[in-house]
Amino acid sequence: MSADAHHLTGHGPETHDSHAHSEGGHGSFGSYITGFVLSVILTVIPFWLVMGNVLDNSLVTSLVILALGGVQMIVHIIYFLHMNTKSEGGWTFLALIFTIMVVVIMLAGSVWVMYHLNHNMMPMDAHDVMNNAR
Amino acid sequence: MMHGETAPPGAAAPVFYQTDEEGHHSEGSTMLGFWLYLMSDCLIFATLFATYGVLGRSYAAGPTPKDLFDLPGIAVNTAMLLFSSITYGFAMLEMDRDRIKQTQIWLAITGLFGVAFVSLEIREFVHLFHEGAPPWRSAFLSSFYTLVATHGLHVSVGILWLVVLLVQLRKHGLIVENKRRLMCLSMFWHFLDLIWIGVFTVVYLMGVLE
């Protein structure tokens with residue numbers, strides 16, 4: 001079955017590619033250094049933004065550091081985990097995309113639903129709690 | 001395509017494919033399987049992040065992130081984990097060149113950075129306990145400890161795994177099995193660094209912001 005798949009995609013380049021990957025699948029010195037330098041930059045900027053109170057608006061700051069965190073994750077995936085669309089015939093990439101999809105739905109959905117739930121609840125502060133307990 | 005052309009279309013061809021597939025498969029399936037494990041681990045962290053996202057502002061009139069978190073300390077922690085990532089990368093490069101001594105040295109350095117990270121985290125937790133911020137103080141603290149300690153536990157297990165592999169390397173050298181194990185741990189280690197990006201961004205930096 002997978003032999004068929006190899007025939008369809010062209011056996012020669014496929015074998016060559018996967019072979020090269022299994023031997024040099026950890027990237028080069030240069031790619032590790034690139035990833036490291038990018039990570040340092042993408043780590044220092046959010047810490048600097050928050051610790052130095054650079055932007056007055058905290059909403060803007062949180063959006064910026066979230067974006068920088070996302071970019072740094074991608075940098076790690078490419079330069080440290082050596083993810084690409086080709087390795088293992090694309091299955092690792094497919095699994096990654098699926099996981100990201102589930103994670104985004106779960107995170108965004110949970111926060112969204114629970115935020116609205118909190119909003120629609122009757123206000124209940126410490127005073128009410130004590131009255132109810134009595 | 002090359003095999004199809006060179007091998008005669010008789011009984012020899014399937015055997016040729018068979019060995020080729022086997023050799024490729026046993027190596028590849030471990031990596032793919034371990035990757036799938038990492039993805040499932042990612043879901044565990046995602047649920048913990050979601051829990052923190054929902055409960056992270058429920059202080060129950062207790063201490064807030066602004067009162068508790070020490071950002072310079074977290075920056076040092078982050079640096080430890082990032083350094084350990086690059087030193088593990090160097091270990092993998094030495095492994096590719098079959099230089100066992102250098103591989104062991106870089107792995108040992110990686111382990112030390114890992115130990116530094118876990119020690120700093122434990123010190124932070126002890127400090128928080130003294131500040132009157134144990135997990136049972138508020139929903140925020142419960143979700144905070146669950147998320148951060150789950151990550152710390154993963155790093156601790158990674159260090160244990162690293163020590164086991166160092167022993168294996170000393171006993172058996174850079175054999176194919178050990179290389180495969182080192183590659184799995186490499187993925188695990190870099191994955192934990194990736195999760196930490198989420199932790200310091202969402203928990204520490206954004207916590208201090210509001």
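Residues numbered from 1 in each chain as written. Chains lettered and ligands numbered in written order. Predicted model: local features only at pLDDT ≥ 70, side-chain atom pairs only at ≥ 80, totals over all residues. Heavy atoms only, no water.

**A word on the overall build of chain A**
Assigned secondary structure in chain A consists of six helices and zero strands. Secondary structure elements in chain A, listed N-terminal to C-terminal, are α-α-α-α-α-α. Residue pairs at least 24 apart in sequence account for 54% of intrachain contacts in chain A once pairs closer than 6 positions are excluded. Roughly 8800 Å² of accessible area belongs to chain A as shown, and the carbon and sulfur atoms make up 72% of that amount. (Helix = DSSP H or I, 4+ residues; strand = E, 2+ residues; numbered from the N terminus. Contact = heavy atoms within 4.5 Å. Areas by Shrake-Rupley, 256 points an atom, 1.4 Å probe, with all protein chains shown as cover.)

**Here's the deal with the interface of chain A and chain B**
Listed by partner, the interface residues are 50 residues for chain A and 52 residues for chain B. Overall, the association of chain A and chain B removes approximately 4400 Å² of surface from exposure, summing both partners, and the carbon and sulfur fraction of that is 81%. Every element with two or more residues in the side of chain A that touches chain B is listed here: α1 (2-9), α2 (11-23), α3 (29-51), α4 (58-80) and α5 (91-120) of chain A. Sorting elements by how many residues they give to the side of chain A that touches chain B places α5(A) first, with 12 residues. Taken together, the residues of the side of chain A that touches chain B break down into 25 nonpolar, 23 polar and two charged. (Buried area = accessible area lost by both parts, 1.4 Å probe. Nonpolar A, V, L, I, M, F, W, Y, C, P; charged D, E, K, R; others polar.)

**A closer look at unusual backbone geometry**
Residues and elements named next belong to chain A. One non-glycine residue with positive phi stands out, namely N53, at about 50°. Mapping N53 onto the fold places it in the loop between α3 and α4. Take N53: its relative accessible area is 57%, and that puts it in the exposed class. (Buried < 20%, exposed > 50% of the residue type's maximum accessible area, 1.4 Å probe, protein only.)

**Points about the UniProt feature "transmembrane region" (unreviewed entry) in chain B**
All names here are of chain B. Annotation from UniProt places "transmembrane region" (unreviewed entry) at residues 34-54, 74-93, 105-122, 142-167 and 188-209. In residues 34-54, the share of helix is 100% and the share of strand is 0%. The end C-alpha atoms are 30 Å apart. Between the end C-alpha atoms of residues 188-209 there is a gap of 31 Å, over a span that is 100% helix and 0% strand. (UniProt positions renumbered as here; feature names shortened; annotations may be inferred.)

**Concerning the packing of aromatic side chains**
Residue and element names in this part refer to chain B. Tallied over the full model, the rule gives 24 aromatic pairs over all chains. Aromatic side chains F140 and F144 sit 6.2 Å apart centroid to centroid with 40° between the ring planes, which places their arrangement in the tilted category. Taken together, the residues F140 and F144, both in helix α6 (residues 139-172) and four residues apart, mark about one turn of the helix. One exposure class covers both F140 and F144, and it is buried. Relative to Y204, the ring of W196 has its centre 6.0 Å away and its plane inclined at 45°; by these criteria the two rings are tilted. Grouping residues by exposure puts W196 and Y204 together as buried. (Phe/Tyr/Trp six-rings, centres within 6.5 Å; stacked < 30°, edge-to-face > 60°.)

**Remarks on the UniProt feature "transmembrane region" (unreviewed entry) in chain A**
All names here are of chain A. Mapped onto the present numbering, the UniProt feature "transmembrane region" (unreviewed entry) falls on residues 29-51, 63-81 and 93-115. A helix fraction of 95% and a strand fraction of 0% characterise residues 63-81, whose end C-alpha atoms lie 26 Å from each other. With 100% helix and 0% strand, the stretch residues 93-115 has end C-alpha atoms that lie 32 Å from each other.

**Topic: the environment of B:F191**
Along the chain, B:F191 falls in helix α7 (residues 176-209). The residues contacting B:F191, other than those within four sequence positions of it, are A:L81, B:L38, B:D41, B:C42 and B:F45.

**Details of the pattern of salt bridges**
Between side chains of opposite charge, a pair can form when the charged atoms approach closely. Residue and element names in this part refer to chain B. What the rule picks out here adds up to three salt bridges over all chains. With a shortest N-O distance of 3.5 Å, R97 and E94 are connected by a salt bridge. Of the charged contacts in the structure, one is a salt bridge between K179 and D98, with a shortest N-O distance of 2.9 Å. Taken together, the positions of K179 in helix α7 and D98 in the loop between α4 (71-96) and α5 (100-130) put the pair 81 residues apart, joining distant regions of the chain. For K179, a relative accessible area of 22% gives the class partly exposed. With a relative accessible area of 47%, D98 lands in the partly exposed category. (Salt bridge = Lys/Arg side-chain N within 4 Å of Asp/Glu carboxyl O.)

**Observations concerning the confidence of the model for chain B**
All names here are of chain B. Overall, the predicted model of chain B reaches an average pLDDT of 89, with 87% of residues at or above 70. In this model, residues 1-5 is a region of pLDDT below 50 whose contacts with residues beyond four sequence positions or in other chains number eight contacts. Note on residues 18-25: pLDDT under 50 across the span, and six contacts to partners over four residues away in sequence or across chains. (pLDDT = per-residue confidence, 0-100.)

**Observations concerning the packing of α4(B) against α7(B)**
Residues and elements named next belong to chain B. For the pair α4 and α7, interaxial distance at closest approach is 10 Å and the crossing angle is 160°. In this view, α4 runs roughly antiparallel relative to α7, as classed from their interaxial angle. As α4 runs across α7, the sense of the crossing is left-handed. Looking at the contact of α4 with α7, its residues break down into 17 nonpolar, seven polar and two charged. (Axes fitted to C-alpha atoms, helices over the stretch in contact; angles between N-to-C directions. Parallel < 35°, antiparallel > 145°, perpendicular 65-115°, else oblique. Left-handed = near helix turned anticlockwise from the far one by under 90°.)

**What about the packing of α3(A) against α4(A)?**
Residues and elements named next belong to chain A. The interhelical angle for the contact between α3 and α4, taken along N-to-C directions, is 165°, at an axis separation of 9 Å. Classified by the angle their axes make, α3 and α4 are roughly antiparallel. You can see that α3 and α4 cross each other, and the crossing is left-handed. Per-class residue counts for the contact of α3 with α4 are 15 nonpolar, eight polar and no charged.

**Notes on α5(A)**
Within an α-helix, residues lying three or four positions from one another point in the same direction, as the helix has 3.6 residues per turn. Between its first and last C-alpha atoms α5(A) spans 43 Å; for 30 residues at 1.5 Å apiece the expected length is 44 Å, and the two agree. What α5(A) keeps buried is the set A:T92, A:A95, A:L96, A:T99 and A:V103. (Expected span 1.5 Å × (residues − 1).)

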